[in-house]
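Residue-level structural notes
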Amino acid sequence: MLFEPMNPFKQIIFGTFCLLTSCQTIETVDFPLPYEGRKGVLTGFLSAEHGLIVHVGATRPPLNGKEDTLKNIQFVFKEGEQKLISPTYQGEKLWQTIGFRPKPAEKYQLTLIADGISSVTSATVQLPQRVELTQVKVLSATDSLVKTLNYRFQDPVEDNFYALQVLQYYQDSLLTESATIYPSAYHLLFDDKNSAGQFVQQNYRVDLAYSKGYKLANRFKIQLFSLNKFAYSFLKSLSDASFVEGEIFIEPVKIFSNMTGGYGCLGTYAVSEMEVRF
Amino acid sequence: MLKKQLLFCIILCSNWLCAQSGIVLQGIVQAQNGLEPLIGAIIYDSLNQKTTLTNEYGHFTLPTEVGWKQLKITYLGYEPLYVLFQAQADTFLKCSLREANELKMVEIQSNHFEKVTGGRLELPIAQLNAVPSIGGEKDLIKALTILPGVAAGEEGSASILVRGGSSDQNLFIIDGAQVYNTGHLFGFVSLFNADAIKKVDLYKNAFPARYGGRLSSILDVHCKEGSKERIQGKFDLGLINSKMSLEGPIGPKSTFSAAVRTAYLDLFSLGKEKKVLTPGIRDVGENQSFMGYTFADANFKIAHAWNEQNKIFINFYLGKDLYRSATAHGPIGENNNTTHYILTNLTASSRAYHRLHKNVFAQWYTAYSQNRHQFNTLTKEYQVTETAPPAGTWLPPSYQFKLAMESDYSSVGSSQNMSAGARVDLTPYQQAVTRIGIDAIHHFYAPNQYRFQVQGWFDSTLNSSLYSPTQRLQATELGVYCEQEIQLSKSVEAHIGLRLSHFRALSRHYTNLEPRYWMSYRLPHTSGVLSLSVAKMQQYQHALIKGGELVDRVVWMPSGALERLVPQSAWQYAIGWRKSLKPIEISVELFYKKLHNMSWFSPEIRGLNPYNDWQNRIFTEGQGWSYGLEWLVLRKVGRLQGSFAYTWSRSDRQFAHLNNGQPFPFLYDRRHNATLTARYELSPRLKINALWTLANGKRYNLPVARVGNSPFQESYSVYGSINSGQYPLYHRLDLSLNWECSLSKHRFWGWSANLYNAYFRKNVYYMYIAQTYEYDNQGQIAVQKEVMRQVSLFPILPSFNIFYAF
C-alpha cells in the first residue's frame, strides 16, 4: 500500500513536505548557444614503429548540429625543410602511412587543407626518446583472479611522459576491446615528476573476474609508450574531461590542442613492449 | 612598507606623549528591558563635543576633564538617554535605554552620524526579523544580502559573496569561535538561529586589525547573554521547523540564554526505515523506499558577573543534519541500499573581561570549532548463479561461481581548530583608543578519510578492498596586532591598525604584515562624511570543493600543504560618502580589490582520494581583481521604512595555466545587483514587509562547438573563454505579513505569513543538456535531439509561523 492511514498531525507534515518538494520545476528552454563557425579538426600520432596515423573532421554547433564530412582533403607534411603534398582525398577516416618511418632528431609538421574550412596546421614535433621496459613480473598466485604485474624501466633525466597499456589474450588474439596500436586516453597516463632520472618500479593490478567468461590465455602483453609533451597533454586532458563531460556549467577541462586554425593534436610516441606468462 | 610602519609607530607614540591628567568616565550601557549590554551604543558629550562607543561588552571609557557633562546616549531602536551631571572625579555610569516606539525614531536616527563606525555595518535584529524567508525561518545570511556589496551565492545557498570575493573568503565568528559551515538542509536554512542572536556586525572593508584570516569579509555574531530581570521565553511553530528560546537570571550575578531548533521533515517517515530493511516486516518481492532529512541545533550561553568590572561568558553551539535513505527490492537481505549523511557543527568558547585600571580594559578568550561530515552508503546485491567455467580457460575445471557483491563506501572529513587570545584596550587620553592583542589558532585538518570496500563471493571468496587513511594535517596561525582609533580634529577621525600574522604548516613558515587604515572627514556645512580606507588581508587556508557524494562540501587545506600553495592576500581600497537627509540616509562607496596568490581547483578533484591526483589539479599563483560602486538609500523612520541598495561591480580572475593565461570573469561576477526592502505599519499590530531582489545570473562555461567521435577520442565540446556564459536575470519578490498581539505586560503572541517568490518567477537553479527522442509509428527512434533544460526551485512558496512569547 502506497499510503497508509496517518494521524492528522502527520498529514499536515506530509502535506508540507509535498508542497516543498513539488516546488521544483524542470522545463525545456530555448537557450541560445553561440557557434563559433566550422573549423577543421586534425588529430594524429607519429611514431617510428607505426609511421603517421591521422584522422580529420570538422566541428559542428554545440547542440544538434549536423555532422558532415570534409571534402577535397589534402595534407601538407613537412619533414625538416622538405615538403610533401598528398593527393586529394574524400571523406573522413583514419589515415595511416605505410612504410614511412620518421627519423629520431628530425622535425615534422602537418597541415590539413579542405573545402569549407581554414587550413589547420600543427606545431612542429619531434620523436621522443624510447624508454625500454627492463622487466615485467606477475606477483600473484597462479589461481588468483587478481593479477599484480610488476614492471620496471629506467627513466631518462629529461622530462618524460608515459602511457601504459596491458593487453590480455583471447586464445591467440588480443582480448582488450580498447587495445590500440597508438596511445590512448584510456591507458594509464603518468609523468616522471616524482621519478625523473630514476629507476622506476611500479605495480599494475588486473582483475580477471570481469573477464572470467572469456577463454583467456595465460599471458599478458605490456606496452610502455613514451610520449612527447603534446601527446601527453592531449590524452591527459581527454581523460580529465571524461569526468566532467556533460556537466557544461562547471569549469571545463579544455582539450589540449597544438593546432592553429582548428582543433586536434599532433603527438609523437615510441613504444616498448614485453610479454609475460603466468 | 618601512615608511608605513614608521608612521604607525609615530602616531602610536604621540598618543602616549599627549596623555594628560584628567578624569575618566566609565560605564555600561544596557537595555532597560532585560538589562542586556548594548554593543556599539554612542556616548556623546554635547558640552565638550566628545564621542565614544561601547565595546562588545557594552562598556565605554571616556577620558575628560572635571566639570559639567551633558551626555547623550543613543542606540539604534532605543530612545536616547540624556544625563547631565557635574563630574569631579572618575565616575562609573550605568545607563539603561528604553526600547523606542518606532514612530518616534526620527530623533534617534539623527544622531547616527555623530560617530562614524569605521567599516562596520550593523544589521539590526529587527531588520533581520523583517526580511521574508523560505519556510518563514528568519535567516541571517539572506538578510545580509540586502546590504550593498553583499550578494547571495545561489538560490537556497547559505553563502554570501562580498565585493567579488568567493564564499570561502568570509570569516564567520560566533562569540569568538570560527564557524566553518553556515547552512542546514543543504544550505537552504542558515545555521544562525535568529532568536539567539543579539547583534551582527559585518566588515567588508576597513577591517580592524584584530580580525584576520580571510580576504573579503568578517561577520561577527554576538549571542544574547540573557535577561537579568526575569525568565523570558519564546515558542515559534513553523511549517518546516520549530524553535524555542529561554533566557533569564541565575541568581543575582549570572544569566543564561538558550535556544533550540529542530526540523521535522522526516516525521512522516518515522518507522519506515525499519520496515524497509528489517527481515520479516517487508513482504518478499515488494519494492520499498524511504527518505528522511532532519536538522537540529542548540545555542547556550551563560554569563557570570562578579561585578561590573569582571565578567565571564561561556558559549556553546551544536548543530546536526541527518539524512537517511534506503531502498530495497527482492527477498529480504538480498538487494538493498542504505545511505546516511551526517553533518555536525560544534563551537564552544569562553570569554572574560576585567577592567585593570580606569582606562585599561582587558579581555581574553578561548574557543574550539569543529565541522564534520560523514557519508556512508552500503549496497548489497546478490545474484546466485551456478555455472561451469568456460572451456579452454585457465580456470580450474571444478570452478563454479556464485556471484554476490557487497559494497560499502564511507567517507569522513573534518576541520577543527582551537584558539586563544588576549586583548587590552587603552584609553589614555581623550578621543583615542588603543587596542593591543595577540591570538593563536591551531588548525587540525582531516580532509577526507574514505573507505571503499567491495566484497565479491565466488566459489572461493574474493575480497577486494581499498582503504585510504586520513591525510591529517596541522597548522598554527599566530597574530599580533595593534589598533589605534584617534580623533585628530573635530572633523577628522582615523583608525590605524597593523597585524603581524604568522602561519606554519608542514615545516613551511609564512609571515606577513597586514596594515589597515581608515580615515573619515566630516565635510563642512553638513555636507556629509567622506571616508577613505586601505586594508591588506591574508588568508592562509584554501577551500576545495569536494563532490561525488550527496552534496558538494568544502574541504579546507592549509597553505604549505603543497609548496606552491602559498597564502592568499588582498589589498582593498575604498572611498565613500554618506549623508543624512532626514528622514533618509544616503551612502555611496567606490572600491577596488586586488587579490594575489589565488588558488583554483579544477572540478575533477571531486573524489579527493589518491586516484584523483588532486595535488596536480590545483592551479595556484593566480590573481584577481574586483571593483565597483555601491549605493545605499535608507529610511528607518515612520510608518514606511525601507532601503534600496544597488551595486555595480566587476570581478575577474587570471591564472597562467587557465584560459590561455587570459583574464576571465569570476563565477559570480554580477554587473548589477539591487535589493529593495519596504516595511509598512498597517496598524500597531500589523506590519507588511517586502523584499525585491534583482541580480545578473551566475556565470557558466559556454560550449561554442562540438568535435565528433574519432578513433582517438569520443565526441567532446569546445569551450569559449572560461565563464563566458551567463544565466538569465534573477529577480524575485518576497512578502510577509506580521501580526503581534499583547496578552499582558509580558505576554504576547503573533503570527507571520510569508510568500516567497510572490510573482512566480522561474529563476534558473541550474541548467543541463538532455537528450530527447521522437518516435515513429513503429516505436523506433525517429529523431534524437539535444535540448537545454532549466531547473527552477520554489516558483512560489507560502509559509506560516505562529509564536508565543512571555
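Quick notes on the rules
- Residues numbered from 1 in each chain as written.
- Chains lettered and ligands numbered in written order.
- Predicted model: local features only at pLDDT ≥ 70, side-chain atom pairs only at ≥ 80, totals over all residues.
- Heavy atoms only, no water.
- Helix = DSSP H or I, 4+ residues; strand = E, 2+ residues; numbered from the N terminus.
- Buried < 20%, exposed > 50% of the residue type's maximum accessible area, 1.4 Å probe, protein only.
- Contact = heavy atoms within 4.5 Å.
- Areas by Shrake-Rupley, 256 points an atom, 1.4 Å probe, with all protein chains shown as cover.
- pLDDT = per-residue confidence, 0-100.
- Core = buried A, V, L, I, M, F, W, Y, C linked by side-chain atoms within 4.5 Å.
- Polar contact = N/O pair within 3.5 Å; in protein donor to acceptor, adjacent residues only side chain to side chain.
- Pairing = 2+ DSSP bridges.
- Axes fitted to C-alpha atoms, helices over the stretch in contact; angles between N-to-C directions.
- Patch = residues over 30% accessible without salt bridge, like charges linked within 9 Å, V, L, I, M, F, W, Y side chains within 5 Å.
- Salt bridge = Lys/Arg side-chain N within 4 Å of Asp/Glu carboxyl O.
- Phe/Tyr/Trp six-rings, centres within 6.5 Å; stacked < 30°, edge-to-face > 60°.
- Lys NZ or Arg CZ within 6 Å of the ring centre and 35° of its normal.

1. Considering the overall build of chain A
In terms of regular secondary structure, chain A is built from 2 helices and 18 strands. Within chain A, the fraction of its 278 residues that count as buried is 51%. Look at the contacts in chain A between residues 6 or more apart in sequence, and 70% of them connect residues 24 or more apart.

2. Re the overall build of chain B
Check the secondary structure of chain B and you find 5 helices and 48 strands. Evaluated residue by residue, chain B yields a buried proportion of 58% over its 806 residues. Surface exposure of chain B reaches about 32200 Å², of which carbon and sulfur atoms provide 59%.

3. As for the confidence of the model for chain B
Residue and element names in this part refer to chain B. Counting all residues, the mean pLDDT for chain B is 81, and 82% of those residues have values of 70 or more. Below a pLDDT of 50 lies the segment residues 4-20, which in the model reaches 25 contacts outside its immediate sequence neighbourhood of four places, other chains included. Throughout residues 458-465 the model reports pLDDT below 50, and contacts reaching past four residues in sequence, or to other chains, amount to 24 contacts.

4. Things to note about the nonpolar core
Formed by 28 residues in total, the largest nonpolar core has its most connected members in Phe45(A), Leu227(A), Leu235(A), Leu238(A), Tyr269(A) and Val718(B). Secondary structure elements with two or more residues in this core: β2 (40-47), β11 (161-170), β15 (216-227), α2 (229-244) and β18 (266-277) of chain A together with β41 (703-707) and β42 (716-719) of chain B. Considering every element that reaches this core, the biggest residue donor is α2(A), with 6 residues. Once you skip the residues sitting within four places of it in the chain, Leu227(A) turns out to touch Pro128(A), Phe161(A), Tyr162(A), Ala163(A), Pro183(A), Leu189(A), Tyr232(A), Leu235(A), Thr268(A) and Tyr269(A). Leu140(B), Ile146(B), Ile197(B) and Val221(B) belong to the second largest nonpolar core, which has 27 residues in total.

5. So, the side chain of Glu79(A)
All names here are of chain A. As for its placement among the helices and strands, Glu79 is situated in strand β4 (residues 74-79). The exposure class assigned to Glu79 is buried, which follows from its relative accessible area of 10%. A distance of 3.0 Å separates the side chain of Glu79 from the side chain of Lys103, its partner in a polar contact. Sequence-distant contacts of Glu79, that is, excluding residues within four places in its chain, are made with Phe100, Lys103, Glu106, Lys107 and Tyr108.

6. Notes on the environment of Leu215(B)
Residues and elements named next belong to chain B. Turning to its location among the elements, Leu215 is positioned in the loop between β15 (197-203) and β16 (217-223). Exposure remark for Leu215: the relative accessible area of 1% places this residue in the buried category. In this structure the C-alpha to C-alpha distance between Leu215 and Lys536, which are 321 residues apart in sequence, comes to 8.2 Å. Ignoring anything within four residues of it in the chain, the contact list for Leu215 reads Gln169, Phe207, Met537, Gln538, Gln539, Gln568, Ser569, Ala570 and Leu595.

7. Quick look at the sheet that holds strand β3 (residues 50-53) of chain B
Residue and element names in this part refer to chain B. Ordered in space as β3-β2-β5-β6, the 4 strands form an open sheet in which the pairing is antiparallel. The open sheet has two free edges, formed respectively by β3 and β6 (81-87), since each of these has just one partner strand. In this sheet, adjacent strand axes meet at a mean angle of 20° when their direction is disregarded. Bridge count between strand β2 (residues 42-45) and β3: 4 bridges; the pairing is antiparallel. Among the inter-strand pairings, Ile42 is bridged to a residue of β3, identified as Leu53.

8. Considering a nonpolar patch on the surface
All names here are of chain B. Residues Leu488, Met519, Tyr521, Leu530, Leu532, Ile575 and Leu590 make up a contiguous nonpolar surface patch of about 610 Å² in total accessible area. Listed by contribution, the elements that provide at least two residues to the nonpolar patch are β29 (508-522) and β30 (529-539). One can find Leu532 in strand β30. The partly exposed category is assigned to Leu532, whose relative accessible area is 46%.

9. Here we look at the environment of Asp321(B)
All names here are of chain B. Secondary-structure assignment places Asp321 in strand β21 (residues 310-329). Spatially, the C-alpha atom of Asp321 lies 29 Å from that of Thr693, the residues being 372 residues apart in sequence. Beyond its immediate stretch of four places on either side in the chain, Asp321 contacts His184, Leu185, Phe186, Tyr293, Thr294, Phe295, Tyr341, Ile342 and Leu343. Only 2.6 Å separates the side chain of Asp321 from the side chain of His184, close enough to count as a polar contact. Polar contacts involving the side chain of Asp321 include one to the side chain of Tyr293, which spans 2.5 Å.

10. Describing the sheet that holds strand β1 (residues 23-31) of chain B
Across a sheet, strands are paired by hydrogen bonds formed along the backbone, either parallel or antiparallel in direction. All names here are of chain B. Strand order in the open sheet made by the 3 strands is β4-β1-β7, with mixed pairing throughout. Strand pairing shows two members of the sheet lacking a second neighbour, β4 (59-64) and β7 (91-97), which therefore form its edges. Mean inter-strand twist for the sheet, computed between neighbouring axes without regard to direction, equals 25°. In this sheet, β7 lies alongside β1 in parallel orientation, the contact comprising 7 bridges. Along β7, the bridge assignment pairs Leu25 with Thr91.

11. Let's talk about the environment of Met519(B)
Residue and element names in this part refer to chain B. Within the element layout of this structure, Met519 appears in strand β29. Sequence spacing of Met519 and Leu35 is 484 residues, and the spatial spacing of their C-alpha atoms is 34 Å. Contact partners of Met519, with chain neighbours within four places excluded, come to Leu488, Val492, Glu493, Ala494, Leu530, Ser531 and Leu532.

12. Here we look at the pairing of strand β27 (residues 473-487) of chain B
Residues and elements named next belong to chain B. By the criterion of burial, β27 is predominantly enclosed, with 11 of the 15 residues buried. As defined by bridge partners, β27 adjoins strand β28 (residues 492-505) across 13 bridges and the pair is classed as antiparallel. Paired with Cys482 across the bridge in β28 is Leu498.

13. Concerning unusual backbone geometry
Residues and elements named next belong to chain B. Even without being glycine, Leu506 reaches a positive phi, approximately 50°. Within the secondary structure, Leu506 sits in the loop between β28 and β29. Look at Asn723: it is not a glycine, yet its phi comes out positive at around 55°.

14. Some thoughts on the packing of aromatic side chains
Counted by the stated rule, this structure contains 38 aromatic pairs over all chains. Taking 6.2 Å as the distance between ring centres and 85° as the angle between the ring planes, the aromatic pair formed by Phe100(A) and Tyr108(A) counts as edge-to-face. Feature note: the residues Phe45(A), Tyr182(A), Phe225(A), Tyr269(A) and Phe712(B) constitute an aromatic cluster, connected by ring pairs. Above the ring of Phe803(B), the side-chain terminus of Lys234(B) is found at 4.8 Å from the ring centroid. Across from the ring centre of Phe666(B), 4.2 Å away, lies the NZ or CZ of Arg653(B), which sits over that ring.

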